[in-house]
Amino acid sequence: MDSRYKANVLRPRPRISVAGNRPAVEAAAKTDVAPRRPSVMQAPVLVLNATFEPINVTAVRRALVLMLKGVAQAEETQTANVHSANKAVAVPSVIRLLSYRHIPQQSRALSRKNILLRDRNICQFCGRTFSTSELTLDHVLPRSRGGRSSWENLVACCYACNNRKGDRTPEEAGLQLARRPRPFTLHTSRQLMRLIGHKDEKWRKYLFY
Ligand SMILES: [Zn+2]
């Protein structure tokens, strides 16, 4: 499969405008999903490589598109169904790519969401827990000093601590890191996927070894 596909699986996608041009799956699902579960199309789906290695988490909507295109198949499903033009499809919980993709680890995982997940929404300077909207990302070594945007140099930080730190190192600002930011590893990857999917029992056998 070509690199265009790889980009599709691994990068966050802008929301598709639905006005007048709604994809068939989405349009159908809107009417068939039980009203008490309006967010089923946004529910997380674990994506496995062809080798069953967990590689990513996507949304039901995207997973259904990959299945319809024939690049992935469902390995685990929920009890709910969505209906395409003429058949019912069980909502996937785990999908697997049908051909193997090589995925560079570092590039696929560095995102605000993942840094906040790693730090469990705890400001790494004051140690308090915040909601996602109350947190920002802090460059431990400021960008102006050559600090990189990397797993080792980005931490969750509340706005108060971020203001206090400004364009300084933690030492200069009299702040102390709760712990050294950990680099991204396969372990981090699995941990993040567990945090996202902790309510979905069907993910367990792919993520807990
Ligand atoms: Zn703080």
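The next subject is unusual backbone geometry. Residues other than glycine seldom take positive phi values, yet Phe52 does so here, at roughly 75 degrees. Following the sequence through the fold, Phe52 ends up in the loop between β1 (44–48) and β2 (54–59). Residue classification places Phe52 among the exposed positions, given that 12 C-beta atoms sit within 10 Å. The residue Arg120 is not glycine, and still its phi comes out positive at about 55 degrees. The topology assignment puts Arg120 in the loop between α5 (112–118) and β5 (135–139). On the basis of neighbour count, Arg120 is assigned to the exposed category, with 9 C-beta atoms found within 10 Å.

In this section: the pairing of strand β6 (residues 154–158). In terms of burial, β6 is a largely internal element, five of the five residues being buried. The two faces of β6 match: Leu154, Ala156 and Cys158 on one face and Val155 and Cys157 on the other face are all buried. Pairing of β5 with β6 involves five bridges; the strand directions are antiparallel. Its bridge partner lying in β6, Thr136 is registered against Cys157.

Moving on, we get to the confidence of the model for the protein chain. Chain-level pLDDT for the protein chain is 79 on average; 77% of the residues reach the 70-or-more range. When the criterion is pLDDT under 50, residues 1–35 qualifies, and its contacts beyond four places in sequence or with other chains add up to 35 contacts.

Conventions we followed
- Residues numbered from 1 in each chain as written.
- Predicted model: local features only at pLDDT ≥ 70, side-chain atom pairs only at ≥ 80, totals over all residues.
- Helix = DSSP H or I, 4+ residues; strand = E, 2+ residues; numbered from the N terminus.
- Buried ≥ 20, exposed ≤ 12 C-beta atoms within 10 Å, placed from the backbone.
- Pairing = 2+ DSSP bridges.
- pLDDT = per-residue confidence, 0-100.
- Contact = placed C-beta atoms within 7 Å.

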